[in-house]
Amino acid sequence: MSHQYVIGFVVLMSLLLCASGIDIYYERAMHVLNTVPLIDGHNDLPWQLQKQVNNTLSKVDLRSDLRGVWNITHTDIPRLKQGKVGGQFWAAYVPCSGQYKDALRKTLEQIDIIRRFSDEYSDVFEFVTTARGIREAFKQGKIASMIGVEGGHSIDSSLAVLRTMYDLGVRYMTVTHSCATPWADSWIEERDGSHIYNGLTDFGKKIILEMNRLGMLVDLSHVAYPTMKDALSVTKAPVIYSHSSAYALCDSRRNVPDDILELVKMNDGIVMVNFYNDYINCSETADLSQVADHIEHIRRVAGVDHVGIGADYDGVTRVPTGLEDVSKYPDLFTELAKRRWSDADLMRLAGNNLLRVLEAAEKVAARLQANKVKPYEDQRPEGADPDTCMAAAAIPLTTTNVLVAVFSLIAMLMTNAK
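Residues numbered from 1 in each chain as written. Predicted model: local features only at pLDDT ≥ 70, side-chain atom pairs only at ≥ 80, totals over all residues. Heavy atoms only, no water.

*Asks:* Explain the overall build of the protein here, please?
*Replies:* The helix and strand inventory of the protein stands at 17 helices and nine strands. When each of the 418 residues of the protein is scored for burial, the buried share is 53%. When contacts within the protein are restricted to residue pairs at least 6 apart in sequence, long-range pairs at least 24 apart make up 73% of them. As presented, the protein carries roughly 18600 Å² of accessible surface, and 53% of it is formed by carbon and sulfur atoms. (Helix = DSSP H or I, 4+ residues; strand = E, 2+ residues; numbered from the N terminus. Buried < 20%, exposed > 50% of the residue type's maximum accessible area, 1.4 Å probe, protein only. Contact = heavy atoms within 4.5 Å. Areas by Shrake-Rupley, 256 points an atom, 1.4 Å probe, with all protein chains shown as cover.)

Next up, the structure:
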C-alpha cells in the first residue's frame, strides 16, 4: 500500500469516527487511565474530615456525593471512580500554628483517619506503602491509598518521630509547609525576603539523609529556593514536588523555577502539577488549558519523565474551570491527547513517572541499609522548643487554667518544702 493510500485511509477513518460521535481523544485518555494507575500526589480530604466532622467517620458517607453535604468539597468515592483515580497520596496536614504546640499529636490523628477510612471502605481503597503495592491495588480495581505528611513542623524536629512516622506508613514528607522549621526555610521566607537559614541547616540535611535511608520521598513543595537547592545537592534519592507548578508561567514562590526543573531532571525526580488557580494563572481564575500549559512547560524543560499530577483538591478554594473536582482528570488527559501527546507519554504523566521515582527511593534505602548505614542520632536543634513565654502564650487564659497553674505551683512549693 502506497504512502498516499495510508494517509487517505487514516483521514477517512478519522472522518468516520467524528461522524459517529466518538471522541477519539477522550477514548485514548480513557484507555491510558484504564491501563496505568492515575496517581495524584496530594489530596486534602483528610483535612476536610477533620474540619467538617472532627474525624468522626460515622458522621459522613464517602460513598455519597458530598457536594450536597459540605459546602465546598472536591472528593468522594463516586467522583474518584469517575475520575479514574488509581492511587492517591492523602495529605496528613496540620496548620503551622501548631508548631511547638500540638502539631505532632494532630498529625498522628490525621495519619489515623487516613488509615481508618482506607479500612472502612476497603472494597474501594487499599492502604499501601510500596510501588508494588500500588500496582497490586490497581490490578484489583482498588484505589491505592498512601500517606504524605505535609510539613516538617509535624515531626517536632525529631529524627525518632520521623522514623516512627515511616513505620506508621508515611511515604513522603513535605520538608516545610508555609512556615520555617528550626532547620529549613519555607516559601514564605522566600516571598518575604526574610530567610532565617538560607536553606537547610546541618540538622535539616540530616533529615534529608534519614529520609533517604528510610525510603521516604523528599517532597520540596512549599520550601524556599535555597532549601530546594540544598536538598537537591544532599539527597541520594530522587525528590518529588507533590503539588507545585511552573514558576515561568506563574511567578508564585510556591512554583518551581526552570533552573530547579533542570536539577530535578538530573536528580531523576518529578514535579506533580498543582491545580490551584493562584499557582496556575496567578489570579483567582484559571482554566483546564492553562493547567495543560504548565504540564507542557515542565515537559519541555525537565522532560516527559519528570512531570506528574498533584492537584491539591480539597486543600484549595479555587480550582480551574473544567477541573472542578476529582472526576475531571480524564478531561485533562483528553486535552493533552489533542496536543499530540502519545499514549506512552500520557502513561508516564498519569503514574509511571511516580512509580519509577518511588521504586528508585526504595532501592536507595535498600542499598543504604544493606551497607549498614545506621539511623542518624543527632539531637534536636537549638530553637526546637519554645521558651517559657511562648509555651505560656499557647495556653488559653481561662479561670480553669489559672486555677490549675496556681494549685500546681502550690503543690510544687509544698513538695520542695518537705
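*Asks:* Where do I start with the pairing of strand 2 (residues 85-92) in this structure?
*Replies:* Moving residue by residue along a regular strand, the side chains alternate between the two faces of the sheet. Counting buried residues along strand 2, eight of its eight residues qualify, which places the element largely inside the surrounding structure. In terms of strand pairing, strand 1 (residues 38-43) meets strand 2 through four bridges, oriented parallel. Bridge pairing links Asp40 to Gln88 in strand 2. (Pairing = 2+ DSSP bridges.)

*Asks:* Would you explain the pattern of salt bridges in this entry?
*Replies:* Close approach of charged atoms lets side chains of opposite charge pair. According to the stated counting rule, one finds 28 salt bridges in the structure shown. Note that Arg348 is salt-bridged to Asp305, the shortest N-O span being 3.0 Å. One end of the pair, Arg348, is in helix 15 (residues 343-370); the other, Asp305, is in the loop between helix 13 (288-302) and strand 9 (307-309), with 43 residues separating them in the sequence. Given a relative accessible area of 32%, Asp305 falls into the partly exposed group. When the shortest N-O distance is used, the salt bridge between Arg348 and Asp345 registers 2.5 Å. With a gap of three residues between them, Arg348 and Asp345 both fall in helix 15, about one helical turn apart. Residue Arg348 is classed as partly exposed on the basis of its relative accessible area, which comes to 28%. A single salt-bridge network, built from bridges that share partners, covers Asp65, Arg67, Asp76, Arg79 and Asp325. (Salt bridge = Lys/Arg side-chain N within 4 Å of Asp/Glu carboxyl O.)

*Asks:* Please clarify how helix 6 (residues 131-139) should be interpreted in this entry.
*Replies:* Along an α-helix, residues three or four apart share an orientation, since each turn contains 3.6 residues. Those residues of helix 6 not exposed but buried are Ala131, Gly133, Ile134 and Ala137. Take helix 6 and look down its axis: the buried residues cluster within an arc of 160°, on one side only. Opposite the buried face of helix 6, at more than 90 degrees from it, the exposed residues are Arg132 and Lys139. Where helix 6 is buried, its residues touch strand 1, strand 3 (125-127), strand 4 (143-150) and helix 15. Just downstream of helix 6, Gly141 is the residue with a positive phi angle, here 80°. (Arc of directions from axis to C-beta.)

*Asks:* Quick question: what am I supposed to make of the packing of aromatic side chains here?
*Replies:* In this description, a pair of aromatic rings is defined by centroid distance and the angle of the planes. Under the definition given, this model contains 10 aromatic pairs. Between Trp90 and Phe125, the aromatic rings sit 5.9 Å apart at their centres with planes inclined by 85°, giving edge-to-face as the arrangement. Here the residue Trp90 occupies a position in strand 2, and Phe125 occupies one in strand 3, the gap between them amounting to 35 residues. Considered together, Trp90 and Phe125 belong to a single accessibility category, that of buried residues. Through a chain of ring-to-ring contacts, the aromatic side chains of Trp90, Phe117 and Phe125 assemble into a single cluster. Geometry around Tyr166 places Arg171 over its ring, the cationic atom sitting 3.6 Å from the centre. Here the basic side chain of Arg191 rests over the ring of Trp187, its NZ or CZ set 5.5 Å away from the ring centre. (Phe/Tyr/Trp six-rings, centres within 6.5 Å; stacked < 30°, edge-to-face > 60°. Lys NZ or Arg CZ within 6 Å of the ring centre and 35° of its normal.)

*Asks:* For this particular structure, what's the right way to read the environment of Gly383?
*Replies:* Locating Gly383 in the fold gives a position in the loop between helix 15 and helix 16 (388-393). With relative accessibility at 41%, the residue Gly383 sits in the partly exposed group. Placed 202 residues apart in sequence, Gly383 and Thr181 show a C-alpha to C-alpha distance of 9.1 Å. Beyond its immediate sequence surroundings of up to four residues, Gly383 is in contact with Tyr100 and Pro182.

*Asks:* Looking at this structure, I do not really get the state of the cysteines. What am I missing?
*Replies:* Two cysteines whose sulfur atoms are joined by a covalent bond form what is called a disulfide. Tallied over the entire structure, the rule returns two disulfides. The disulfide partner of Cys96 is Cys179, and the gap between their sulfur atoms is 2.1 Å. In this structure, the disulfide formed by Cys96 and Cys179 twists by about -80° around the S-S bond and is classed as left-handed. Taken together, the positions of Cys96 in the loop between strand 2 and helix 5 (103-120) and Cys179 in the loop between strand 5 (170-174) and helix 8 (187-192) put the pair 83 residues apart, joining distant regions of the chain. Residues Cys96 and Cys179 agree in their burial class; the two are buried. Disulfide pairing is shown between Cys250 and Cys282; the S-S distance is 2.1 Å. Classification of the bridge connecting Cys250 and Cys282 rests on its S-S torsion, roughly 105°, and on that basis the disulfide is right-handed. Placement of Cys250 in the loop between strand 7 (240-241) and helix 11 (258-267) and of Cys282 in the loop between helix 12 (277-280) and helix 13 is noted, with a sequence separation of 32 residues between them. Under the relative-accessibility criterion, Cys282 is labelled partly exposed at 39%. (Disulfide = S-S within 2.5 Å.)

*Asks:* Explain the nonpolar core to me, please; I cannot follow it from the model alone.
*Replies:* A general tendency of soluble globular proteins is for nonpolar side chains to be buried together. If you look at the biggest cluster of nonpolar residues, it comprises 97 residues, and the most contacted ones within it are Leu49, Phe117 and Ile295. When residues no more than four places from it in sequence are discounted, the contact partners of Phe117 are Leu45, Pro46, Leu49, Leu57, Leu62, Trp90 and Phe125. Of all hydrophobic cores here, the second largest spans 21 residues; its members include Ala131, Ile270, Leu354 and Leu358. (Core = buried A, V, L, I, M, F, W, Y, C linked by side-chain atoms within 4.5 Å.)

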